[in-house]
Amino acid sequence: TAIYKAAGKDELLQARQHIGPIARGQAAATPAFNLKKNGVKYIIHTVGNRYQKELPETVEILRDCYRNALGVAKDFGCESVAIPLLATGCYSFPKDLALQVAQEEINNFLEQQEDMQVILVVYDQDSYLVSQKQFKEIQSFIDENYVARKESEDWDEDERYDEAWDEEYEEQNEDVVSAEKTAN
């Protein structure tokens, strides 16, 4: 694949073989080898499965792929992770279903792990068009959660600044504060 070629096929293949088999839905990481020059530290590997409409566990395995890949990124202290739309190629997952699963699992992860940037990568025009339909929901999540969190952080910083200023003011004007308190 393109990742193996870009990272250095022989090195990545050897590292991947060293890990051994990865169960469906599980994830493991290898060094990024030649991709390190592009700022990539790790390559996270996960194994999906062929979509079978009559078997709901196929969707659950796809969910596990996202959960575990994101968990590996968190465990390795990654600040950002780019994840492709999984299982939509040779595993034949419908792109709209795969995108829904990806979006839900990424949202669930971000609700608990706010310090990581997660980029969902779509490779073809069909996936892109499906993602555009759901973009408003993604944007809504960003607006509702990221902005609210940033405002909360800014508010907390303002409160900490106010408390520090109050303490400094009281120390510098201790006599005045004491006098004001006794006068009341």
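Placed above this text is the structure.
Keep in mind that this is a model prediction, so the values were computed, not measured.

### Digging into the packing of aromatic side chains
(1) Moving on: Under the defined criterion, the tally for this structure stands at two aromatic pairs.
(2) Moving on: With a centroid separation of 4.6 Å and 65° between ring planes, the pair formed by Y42 and F76 is classed as edge-to-face. Taken together, the positions of Y42 in strand β2 (residues 42-46) and F76 in the loop between α3 (57-75) and β3 (80-84) put the pair 34 residues apart, joining distant regions of the chain.

### Points about the side chain of T30
(1) Moving on: Position of T30 among the secondary structure elements: in strand β1 (residues 27-31).
(2) Moving on: Classification of T30 by relative accessible area gives buried; the value is 3%.
(3) Moving on: A distance of 2.9 Å separates the side chain of T30 from the side chain of H45, its partner in a polar contact.
(4) Moving on: Leave out the neighbours within four places in its chain, and T30 touches L12, A15, R16, I19, K41, Y42, I43 and H45.

### Focus: the pairing of β3
(1) Moving on: Every second residue of β3 is oriented toward a common face, the buried set being V81 and I83 and the non-buried set S80, A82 and P84.
(2) Moving on: Inspection of the sheet shows β3 paired to strand β4 (residues 117-121) by five bridges, in the parallel sense. Bridged to V81 within β4 is V118.

### Examining helix α2 (residues 9-19)
(1) Moving on: Within the sequence span of α2, burial applies to L12, A15 and R16. For α2, the buried positions fall inside an angular range of 100° around the axis, keeping them on one side. With respect to the buried face of α2, the exposed residues turned more than 90 degrees away are D10, Q14, Q17 and H18.
(2) Moving on: Looking at the buried positions of α2, the neighbouring elements they touch are α1 (2-7), β1 and β2.
(3) Moving on: Two residues or fewer past α2, G20 is found with a positive phi of approximately 90°.

### Examining the nonpolar core
(1) Moving on: Within the largest apolar cluster, 23 residues are counted, with the highest numbers of intra-cluster contacts made by L62, Y66, L70, V81, F93, M116 and V118.
(2) Moving on: The leading source of residues in this core is helix α4 (residues 95-112), at eight residues.
(3) Moving on: Residues in contact with F93, not counting those within four places in the same chain, are N49, R50, Y51, T58, V59, L62, A87, T88 and A98.
(4) Moving on: Core analysis: the second largest hydrophobic core is formed by six residues, Y4, A7, L12 and L35 among them.

### Regarding unusual backbone geometry
(1) Moving on: Unusually for a residue other than glycine, F33 sits at a positive phi of about 50°.
(2) Moving on: Inspection of the secondary structure puts F33 in the loop between β1 and β2.
(3) Moving on: Take F33: its relative accessible area is 23%, and that puts it in the partly exposed class.
(4) Moving on: Of note, S92 is a non-glycine position whose phi angle comes to about 60°, a positive value.

### Quick notes on α4
(1) Moving on: In this model α4 runs 26 Å from its N-terminal to its C-terminal C-alpha over 18 residues, within 8% of the 26 Å that 1.5 Å per residue would give.
(2) Moving on: Of all the residues in α4, the buried ones are K95, L97, A98, L99, V101, A102, Q103, E105, I106, N107, F109 and L110.

### Quick notes on the environment of A69
(1) Moving on: Topologically, A69 is positioned in helix α3.
(2) Moving on: The class for A69 is buried, based on a relative accessible area of 7%.
(3) Moving on: In this structure the C-alpha to C-alpha distance between A69 and A29, which are 40 residues apart in sequence, comes to 8.6 Å.
(4) Moving on: With sequence-adjacent residues up to four places away left out, A69 is seen in contact with A27, I44 and D64.

### Some details on the pairing of β2
(1) Moving on: Side chains I43 and H45 project from β2 onto a buried face, and the interleaved Y42, I44 and T46 project onto a face without burial.
(2) Moving on: Across five bridges, β1 lies against β2 in antiparallel orientation. From the neighbouring strand, A28 faces β2, where its bridge partner is H45.

What counts and how
Residues numbered from 1 in each chain as written. Predicted model: local features only at pLDDT ≥ 70, side-chain atom pairs only at ≥ 80, totals over all residues. Heavy atoms only, no water. Phe/Tyr/Trp six-rings, centres within 6.5 Å; stacked < 30°, edge-to-face > 60°. Helix = DSSP H or I, 4+ residues; strand = E, 2+ residues; numbered from the N terminus. Buried < 20%, exposed > 50% of the residue type's maximum accessible area, 1.4 Å probe, protein only. Polar contact = N/O pair within 3.5 Å; in protein donor to acceptor, adjacent residues only side chain to side chain. Contact = heavy atoms within 4.5 Å. Pairing = 2+ DSSP bridges. Arc of directions from axis to C-beta. Core = buried A, V, L, I, M, F, W, Y, C linked by side-chain atoms within 4.5 Å. Expected span 1.5 Å × (residues − 1).

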